[in-house]
Amino acid sequence: MSMPPLLSYGFRPFFLLAALWGGAAVPLWLLAYRGSIHISNAYGDLAWHAHELIFGYAAAVICGFLFTAIPNWTGRFPVKGAPLLFLVVIWVLGRLAMLGADWIGLAAAAVIDVLFLVAVIGFAAREIIAGSNWRNLRVLVLVGALLAGNVLFHVAILRGDPTDLALRLSIAALIALITLVGGRVIPSFTRNWLVKHAKPLPSPFGKLDALAIGTTIVALLAWVVAPEAIVTAGLALLAAALLIVRLLRWRGWPTWREPILAIMHIAYAFVPAGFLLLGASVAWPDVVPASAVIHSWTIGAIGTMTLAVMTRASLGHTGRSLNASPATIILYAAMLIAALARIAAALTPEFALPLLSLAGAGWSIALLGFAIVYGPMLAAARPRRAKAETSPAVR
């Protein structure tokens, strides 16, 4: 019996599932926010919303990315077939458990939900170690931090405590992943494009890049443990400055003519933007609320970067040309509108409701649109003689 194409590579099922679930979860939350429905008594609608976008949507994209990149890093065959189906099943069970916690209980829902990231780390570690690709184990450290955030989330819910610390830790892990992995692939892809167009090339990785990464991680840790401290604001502003300089060193401005590459630069720019907002929120909390920081990172950086990665990897690994179609450009625009509208909703509470609706519409159009445009190619067999784009190893 032949294996269905959907189970031939990690990006295929997980990018599709992430888009479908991410695109559906936000409208559900908006209906709950308006009082039209109630999603979860066990978790509360707001906590469920935050959890599912981080540990449902983002975790699925990370899984799809890892099990697509790891064969390039190690030279090993991809995880596919029954093992990949196992990961899909426990991810789906996690989503059902989070929806059905009122019936199965919080403890059972927590165990089922946490299993997914445990399995992802286990499978990924096995592949990386078997391929003697030791330096990329650092990526799993950050995935481990995401797992720790999920465990802390469930512990907080079981104890009746706030989930803020767990969610900050989880968001920090995702932003650190973007800083680390994005900081390797974006200049690499940009270099390839600039060479073809006879443009000045990105600066090579150097001490400034290492300093920017280190400062970013320290600033994120400070935000996790002391989000309102003056020292956190100082570290955030320093990280923002270093990341902006780093982004400029990649010479991405000519890539506006290549939207599938330019969107990655724009997504990365939301990371220093979030740090700038963090510094401002500590100094003027009544003017810049913490939610502006959170949504600059969650929708701006995480949402836009995951969409950029999903479109590029789906095209490259199914043998298509790495060019953004008009439909793909619409998806990018919708996600950017969602990010800007959600940040604006935090900064202008008097216009919050229409801006939240606009942000939700943009988010869902981007992700459900991805499922519509890219779903058929994800479910289809790979064309013959297709050559997948190589994902560089993490520095």
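Everything quoted here is computed from the prediction, not taken from an experiment.

What counts, and where the lines are drawn
- Within any chain, residue numbers begin from 1 and follow the written order of that chain's sequence.
- In keeping with the model being predicted, local features are shown solely for residues with a pLDDT of at least 70 and side-chain atom pairs are shown and tallied solely at 80 or more, while totals for entire chains, interfaces and linings include all residues.
- Derived side-chain values reflect all non-hydrogen atoms in the structure, with water molecules and hydrogen atoms excluded from consideration.
- Secondary structure elements are taken from DSSP: a helix is a run of H or I of four residues or more, a strand is a run of E of two residues or more, and numbering for both begins at the N terminus.
- Here the radius of gyration uses the C-alpha set of atoms, whereas the globule reference equals 2.2 Å times the residue count to the power 0.38.
- Type-normalised accessible area, obtained with a 1.4 Å probe on protein chains alone, sets the label of each residue: buried when under 20%, exposed when over 50%, and partly exposed for intermediate values.
- Salt bridges, as used here, are contacts in which a Lys or Arg side-chain nitrogen is within 4 Å of a carboxyl oxygen on Asp or Glu.
- Paired rings are identified among Phe, Tyr and Trp, the last through its six-membered ring, by centres lying within 6.5 Å, and are further divided according to the angle between planes into stacked (under 30 degrees), edge-to-face (over 60) and tilted (the rest).
- Think of it as a cone above the ring: NZ of Lys or CZ of Arg counts as a charge over the ring if it is within 6 Å of the ring centre and within 35 degrees of the ring normal.
- Working rule for helices: expected span equals 1.5 Å times residues minus one.
- As used in this structure description, the phrase polar contact means that two N or O atoms lie within 3.5 Å; if the pair is within protein, one of them must be able to donate a hydrogen and the other to accept it, and residues adjacent in sequence are counted only when both atoms belong to side chains.
- Should any heavy atoms of two residues lie within 4.5 Å, those residues are counted as being in contact.
- Only buried residues count toward a nonpolar core. Its members are Ala, Val, Leu, Ile, Met, Phe, Trp, Tyr and Cys residues joined through side-chain atoms within 4.5 Å.

Further remarks concern the overall build of the protein. For the protein, the count of helices and strands is 13 helices and zero strands. Reading the protein from its N terminus to its C terminus gives the helix and strand order α-α-α-α-α-α-α-α-α-α-α-α-α. The C-alpha radius of gyration computed for the protein amounts to 20 Å, which stays within 12% of the reference 21 Å derived for 395 residues, consistent with globular compactness. Across its three principal directions, the C-alpha atoms of the protein cover 55 × 50 × 40 Å. Expressed as a percentage of its 395 residues, the buried residues of the protein come to 58%.

Inspection of the entire model under this criterion finds seven salt bridges. One salt bridge in this structure joins Arg-95 and Glu-52, with 2.5 Å as the shortest N-O distance. In this pair, Arg-95 sits in helix 3 (residues 82–99) while Glu-52 sits in helix 2 (residues 45–74), placing the two residues 43 residues apart along the sequence. Of the two residues, Arg-95 and Glu-52, neither departs from the other in class, the shared state being buried. The partner of Arg-95 in a salt bridge is Asp-113, and the shortest N-O contact between them spans 2.7 Å. Within this pair, whereas Arg-95 is found in helix 3, its partner Asp-113 is found in helix 5 (residues 106–130), the two being separated by 18 residues in sequence. For Arg-95, a relative accessible area of 5% puts it in the buried group. A relative accessible area of 3% places Asp-113 in the buried class. Salt bridges linked by common partners bring Glu-52, Arg-95 and Asp-113 together as one network.

On to the packing of aromatic side chains. Applying the stated criterion across every chain, the model contains 13 aromatic pairs. Three or more aromatic residues joined by ring pairs make a cluster, and in this case those are Tyr-9, Phe-11 and Phe-15. Its end group placed over the ring of Trp-91, Arg-95 keeps NZ or CZ at 5.4 Å from the ring centre. The aromatic ring of Phe-189 is capped on one face by Arg-312, whose charged end is 4.1 Å from the ring centroid.

Between its first and last C-alpha atoms helix 3 spans 26 Å; for 18 residues at 1.5 Å apiece the expected length is 26 Å, and the two agree. Taken as a whole, helix 3 has its buried residues at Leu-84, Leu-87, Val-88, Ile-90, Trp-91, Gly-94, Arg-95, Ala-97 and Met-98.

For the rest of this paragraph, the subject is the side chain of Asp-209. Topologically, Asp-209 is positioned in helix 8 (residues 207–225). Within the structure, Asp-209 has its side chain in polar contact with the backbone nitrogen of Gly-206 (distance 2.9 Å). Setting aside its immediate chain neighbours within four residues, Asp-209 contacts Pro-204, Arg-246, Arg-249 and Trp-250.

With that settled, the discussion passes to the nonpolar core. Ranked by size, the top nonpolar core spans 144 residues in total, and within it Phe-275 and Trp-297 carry the most contacts. Per-element accounting of this core gives the leading share, 19 residues, to helix 2. Those residues in contact with Trp-297, other than ones at most four positions away along the chain, are Ile-171, Ile-175, Leu-220, Trp-223, Phe-270, Val-271, Gly-274, Phe-275, Leu-278 and Ile-302.

Positive phi is not limited to glycine here, since Ser-132 has a value of about 50 degrees. For Ser-132, a relative accessible area of 48% translates into the label partly exposed. In this model, Arg-251 sits at a positive phi of 55 degrees, which is unusual for a non-glycine residue. Considering the arrangement of structural elements, one finds Arg-251 in the loop between helix 9 (230–249) and helix 10 (259–283).

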